[in-house]
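Examination of the molecular architecture
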Amino acid sequence: MLGLLLSDAVRRRIHFGGLLVVLQVLLACASALPTDFTATERFPHRQRIQRIHRGAETDHDGGFPAAWSGLWFQSGISDSITVNATAILGKGEIVQHKGEKEVDKYLLLDRTENCHRCISIFSPHSNVLRYKESYCMPVEDEPAPKLDDLCGTIPGDAPLFSMFRLNTPAIPCPKAFTGRFSFTYAQQDRQCRNPVSTAESCVAGTDMMMWYKSCPDLTEERKVRLECQANFNLGNGVELLVGRTFHHVATSHEETYRCFIYETRNGVTAISQSTDASCLSLYSPYEGSLTMKMTQVDDPIPQCVFPTWLTKIRQWHDMASTVRHVFGSPETSMKQYSLNATMNKELLLDVTCLRSDLPDETSKSAFRAVVFVIRGCSSGYMCLNWRRRSEQVVQLQQGQFIIYS
């Protein structure tokens, strides 16, 4: 691909001067907004939310925190769950609240079932709510339940349910899931070690593509894209990643949401994936229906830098202002973005300079290099050929992308 790139100063002059320039391209060189619901009917005995001040101070006046409002998904519940300041749809309205150091306890009135229940709930990440709940005590039972009494009926081994926020953008994947990896896996205690499977981050940094190799009597070869949704620490070096897994048979939330409990030791990350979207029965990175051991593969080491006449102007645009090239620091890296009409950008290429073959005497007007590129969910190599036309205008030839193998 061949095109002229302009510095920001020149691009602005062209834009505001009203000139129309056509960029020639040639082949070259090898949420849905959350829906609130409001109770319209009040039980006579309930006049207000009672707030008990014990443990940590709270800042939400006995109601659910504003950050929890929105639509949520929970495995086993077909409809999305709406949370607002005073209620959780399907669980009930707040009657009483007690804030403690790590969890909040709420006495809820379920008007549909005509009963009270306690939920002990916390948010380890802005996209995750986790809770345990008591049985639902019928309203007819006298006297009316106290929060501590009903919460005290929750057994220590009660299921820890998880709710995941809907209509939210993916997050940057944690370090243990960023880069290129080789991995082995086991399914139902059957190992697949040879051939070795591979995984690598996608260019946006919020996804990872995983290629599971097939092993005899185990599974067929498959490709899975993991989108990171939340990550939090469980203690003792163990973390939990909430993700959505996309493959040819996964379409619903039940099929895509999965949890990954993991730990990195001596350069190897042990991972256990939940069997379903409930994320129950996930206790150890080394045990489960699907476990993996991932080892990071080093990226090629940069052996050249982009010339000063390119990097001193950090940002370059094509003449149509649809592509932006941004040079990083140190001067071995560059990112290429696409721009839409509102100038929102999407990362297209993450580029690292590997080797330049032009002699020093031409470096003031031309630069050609083989670069390492991450594009989409693949990495590989490309040839870039730059020519300096003036202080603020350069020409770029971009060669064919060759996938790394």
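Residues numbered from 1 in each chain as written. Predicted model: local features only at pLDDT ≥ 70, side-chain atom pairs only at ≥ 80, totals over all residues. Heavy atoms only, no water.

A look at the side chain of Ser-379
In this fold, Ser-379 is placed in strand β25 (residues 378-390). The exposure class assigned to Ser-379 is buried, which follows from its relative accessible area of 1%. In this structure the side chain of Ser-379 is engaged in a polar contact, spanning 2.9 Å, whose partner is the side chain of Glu-200. With residues near it in sequence (within four places) discarded, Ser-379 still touches Arg-180, Glu-200, Phe-372, Val-373, Ile-374, Phe-401, Ile-403 and Tyr-404. (Helix = DSSP H or I, 4+ residues; strand = E, 2+ residues; numbered from the N terminus. Buried < 20%, exposed > 50% of the residue type's maximum accessible area, 1.4 Å probe, protein only. Polar contact = N/O pair within 3.5 Å; in protein donor to acceptor, adjacent residues only side chain to side chain. Contact = heavy atoms within 4.5 Å.)

Structural notes on the nonpolar core
With 24 residues, the main nonpolar core has Phe-177, Phe-183, Tyr-185, Met-210, Tyr-212 and Met-292 as its most contacted residues. When residues of this core are traced back to their parent elements, those giving at least two are β12 (180-187), β13 (190-201), β14 (207-212), β15 (222-235), β17 (257-265) and β19 (290-297). Not counting residues within four places of it along the chain, the set of residues in contact with Phe-183 comprises Val-196, Ser-197, Thr-198, Ala-199, Met-210, Trp-211, Tyr-212, Met-292, Lys-293 and Met-294. Core analysis: the second largest hydrophobic core is formed by 20 residues, Trp-316, Leu-384, Trp-386 and Val-394 among them. (Core = buried A, V, L, I, M, F, W, Y, C linked by side-chain atoms within 4.5 Å.)

Considerations on the state of the cysteines
With the rule as written, the count across this model stands at seven disulfides. Across a sulfur-sulfur distance of 2.0 Å, Cys-259 and Cys-279 are joined as a disulfide pair. Between Cys-259 and Cys-279, the disulfide has an S-S torsion of 85° and is therefore right-handed. On the criterion of sequence distance, the pair formed by Cys-259 in strand β17 and Cys-279 in the loop between β18 (268-273) and β19 is long-range, its members being 20 residues apart. The exposure classification of Cys-259 matches that of Cys-279, with both residues buried. (Disulfide = S-S within 2.5 Å.)

Concerning the pairing of strand β9 (residues 128-133)
With five bridges connecting them, strand β8 (residues 115-125) and β9 associate as antiparallel partners. Looking at the pairing, Phe-122 lines up with Arg-130 of β9. (Pairing = 2+ DSSP bridges.)

A look at the confidence of the model for the chain
Within the chain, residue pLDDT values average 84, and 83% of them lie at 70 or more. A low-confidence stretch, residues 14-49 stays under pLDDT 50, and its non-local contacts, those more than four residues away or across chains, total 58 contacts. Across residues 51-60, where pLDDT falls below 50, the model places 25 contacts with residues more than four positions away in sequence or in other chains. (pLDDT = per-residue confidence, 0-100.)

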